[in-house]
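Topology and contacts: notes
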Amino acid sequence: MALFVSLLLVLLGTQFPNTTLALAEVHPVLKWLVAFLDVFTIPMLVIFFYIFPDGRFVPRWTVAPTLLAVGTQALASFVPSLNPFTAPPLLSIPFALGLFGSMLYAQVYRYGRVSNSVQRQQTKWVVFGFAAALVTLLMAILLPMLLTDYNEPGTISSFINTTGLYVAFLLMPVSIGFAILRYRLWDIDFLINRTLVYGVLTAVAVGLYVLVVGGLGTLLQAEENLLLSLLAAGLVAVVFAPLRDRLQRGVNRLMYGERDEPYKVLSRLGEQLESTVAPDAVIPTIVQTIKDALKLPYTALEIKETEGFREVAAAGAPVGDPASMPLTYQGETVGRLILSPRPGETAFSSADRSLLNDLSRQVGTAIHAVRLTTDLQRSRERLVTTREEERRRLRRDLHDGLGPALSSAMLKLGATRRLLPPESAADDLLVEVREDMRATVADVRRLVYDLRPPALDQLGLALAIRDYTQQCSESGLHVVVDAPEQLPPLPAAVEVAVYRIAQEALTNVVRHARAHSCTVRLEHVETPGRSEVQLEITDDGLGLPAERPVGVGTSSMRERAEELGGSCMIESVPGGGTRVLTRLPLPPE
C-alpha cells in the first residue's frame, strides 16, 4: 500500500502544469510518454479509494468500475475525442458523478462495516485531507468567478490563490502519509528503518565528500584535483561501515527499543530491582522496564494463585490481541506476562522473543522472591494479630474471671476469721494467706495492664488517645484531636499499634520538640480495594535535626507499623515542626 500510494503521488505530479506537460510541449516526441503516464493516473486514484487501507477491493463489485476507469482513461489519453470527462454534459456529468460517487460509497461502506478502529482513524485522516483539498480547490475556482480582479497576475490575491491551490493539493499526500506512517501498518517499519539509515548515511557521505573536495580545494587553490577526489572517496569508504552500524543501532533503538541489546536490558533491570527497597514496587518496576525497553504499548504481569491468575501490575493500554508469555521458576509456573505488539505488528519478531525469553527467566526468579517475601510478611502479620487477639482474650479472662475469683476468696477468708475464737492460732495463718492472695491479685492486675493498655477496652481507641493527650496538655502543650466519635471494629493488633505509636510520638513532642501546639488526626480511609487506618501527628516545634541518631522510640514506631504491613513516615514540616504519618491496612474481613 505504501509503494502504491507513492507511485500514485508521483504520477499525479506529472499531470501538473510546468512539469512533464511543459516538457512535452518543448519536445513533442515525449507526448507519447506523457500520454502513457496519464493512462495510469486517474485509474490509480480510483483504485486507491476502492482498496485503502488494507489493499482489498471492498465491496467486490468495485472491480467493475476499476476496469471501466482504466479502459476509458486509456482511450482518452491516446484519442482525446473519446474522453468522457470532455464529452457533452449529458454524458460527462453522470459519468463523473457515478465514478466519484462509487469511490465515496466504497470508503463509507468500508468505514461502517469492514474497518476496525485503527483503519477508521486512517480513513478519517485521508477523508479530511481530500475534503480540505476539495474545499480549497472550489474556493480557488469560485472566487475568480465572483471577483473579476481577484486573479489578476502580479496581485496579492493572485499570489494567495496560487499558494492556497498548491497547499490544497499538498494536503492529500500529507494526510495519506500521516495515515500510513502514524500507525505503521503493512510491515512498513522495515522500509522506514532502511530509509532513515541510508538517507542519513547518504547525506553524511555526500556532505563529507563535498567538505573534503571543496574545503581542501579552496584552501589549496586546486580545482578538479584527482588526488583530492581519491582522498575524499577513501575517507568516505573508511567511515561508511562504522557509521552505518551506529546509525542502524540508533534507528533500531528509536523504532524497536533495546531489543538488540539484551545484556543492557538485563543489566538495567537488575540495577532497578537492586535499588527497589519495597517488595510491592518490584513487579511494577519489572513491567515498566519491559515496556520501555521494547517500546510496547501495553505490558502487564499476572501472578498465579490457587483459583487462577491475578493481575498485579500493568503499564499502558492494551492494543489488539495481547500475547501471553509464561513465567516459571524451577519448572513451576509462577505467573505470566501479557504483552501487546507494537502498533502495526501482529506478532513479535524472533529478536523480540529472544529478549523476552531472557527476561522471563529473570522475572520468574524475581516473582518467586516477591512471593516468598509476601508470604513471610503475611505470616508476620498473622503472628502479630494472633498475639494481640490472644492478649486481649487473656486480659478479659484474667480481669473478668480470675480477678473476681481471688477477690471472692479474700472475702471468704475475712468471714472465716470472724467465725474463729479470738486470738486463735488459725487466725494468724488466715491473715498470712489473705496477704498472699492480696499480693497475687496485685500481680494479676499488673499482668492485665501489661498485656494490653486498659484504656483501649475501657474507652475505645479514639477516647483513649484523647485521654492521653489530656495528660500531655498538663505540660503546657496545646493538643487538638481530630478523630471520629466511633471507629469501625478494629483488630486488636491495629488498636495497640496506633495507640502505642501515638503515645511515643506525643512523648517525643513533649520532651524534644519544644512545641506550643500539636494536632492529632485519626481517621478510617476507604479506597477501592483497600481499607486502612491513618494516624497523623503534627507539631510546630523545632523539627528534625539534620543529623539525628535513630532512637529506640522511632525504631519501635516503624517496627510496629511494618509488622502489620503498614508504614510510619517521620519528616520535617516546611516552616518548622515534625509530622508523623502512620498507615495501617485493615484485613478485608
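The structure we're discussing is the one just above.
Conventions adopted
- Residues numbered from 1 in each chain as written.
- Predicted model: local features only at pLDDT ≥ 70, side-chain atom pairs only at ≥ 80, totals over all residues.
- Heavy atoms only, no water.
- Pairing = 2+ DSSP bridges.
- Helix = DSSP H or I, 4+ residues; strand = E, 2+ residues; numbered from the N terminus.
- Axes fitted to C-alpha atoms, helices over the stretch in contact; angles between N-to-C directions.
- Contact = heavy atoms within 4.5 Å.
- Phe/Tyr/Trp six-rings, centres within 6.5 Å; stacked < 30°, edge-to-face > 60°.
- Buried < 20%, exposed > 50% of the residue type's maximum accessible area, 1.4 Å probe, protein only.
- Lys NZ or Arg CZ within 6 Å of the ring centre and 35° of its normal.

**Description of the sheet that holds strand β2 (residues 308-316)**
- Strand order in this open sheet of four strands is β2-β1-β4-β3, and the pairing throughout is antiparallel. A strand with exactly one partner marks an edge of an open sheet, and here the two such strands are β2 and β3 (323-329). Mean inter-strand twist for the sheet, computed between neighbouring axes without regard to direction, equals 25°.
- Sheet topology places β3 next to strand β4 (residues 332-340); seven bridges connect them, and they run antiparallel. Bridge pairing in β4 links Ser 324 to Ile 338.
- Contacting β1 (298-305), β2 and β4, helix α11 (residues 282-294) runs over the sheet at an angle of about 55° to β2.

**Quick notes on the packing of aromatic side chains**
- Applying the stated criterion across every chain yields a total of four aromatic pairs.
- Arranged with centres 5.0 Å apart and planes meeting at 40°, the rings of Phe 48 and Phe 52 form a pair that is tilted. In this structure, Phe 48 and Phe 52 share a single accessibility class: buried.
- Directly above the aromatic system of Phe 309 lies the positively charged group of Arg 336, at a separation of 4.2 Å from the ring centroid.

**Observations concerning the sheet that holds strand β9 (residues 578-585)**
- Here five strands make up an open sheet; going across it, the order is β5-β6-β7-β9-β8 and the pairing mixed. What marks the edges here is a single partner per strand, and that holds for β5 (478-482) and β8 (567-572). Recorded for the sheet is a direction-independent mean angle of 15° between the axes of neighbouring strands.
- Alignment of strand β7 (residues 530-539) against β9, held across seven bridges, turns out to be antiparallel. Each bridged residue has a counterpart across the sheet, and for Val 533 the counterpart in β9 is Leu 584.
- Against the sheet, helix α16 (residues 492-513) makes contact with β6 (517-527), β7 and β9, and its axis sits at roughly 15° relative to β7, the strand it touches most.
- Against the sheet, helix α17 (residues 552-563) touches β8 and β9, its axis set at about 145° to β8.

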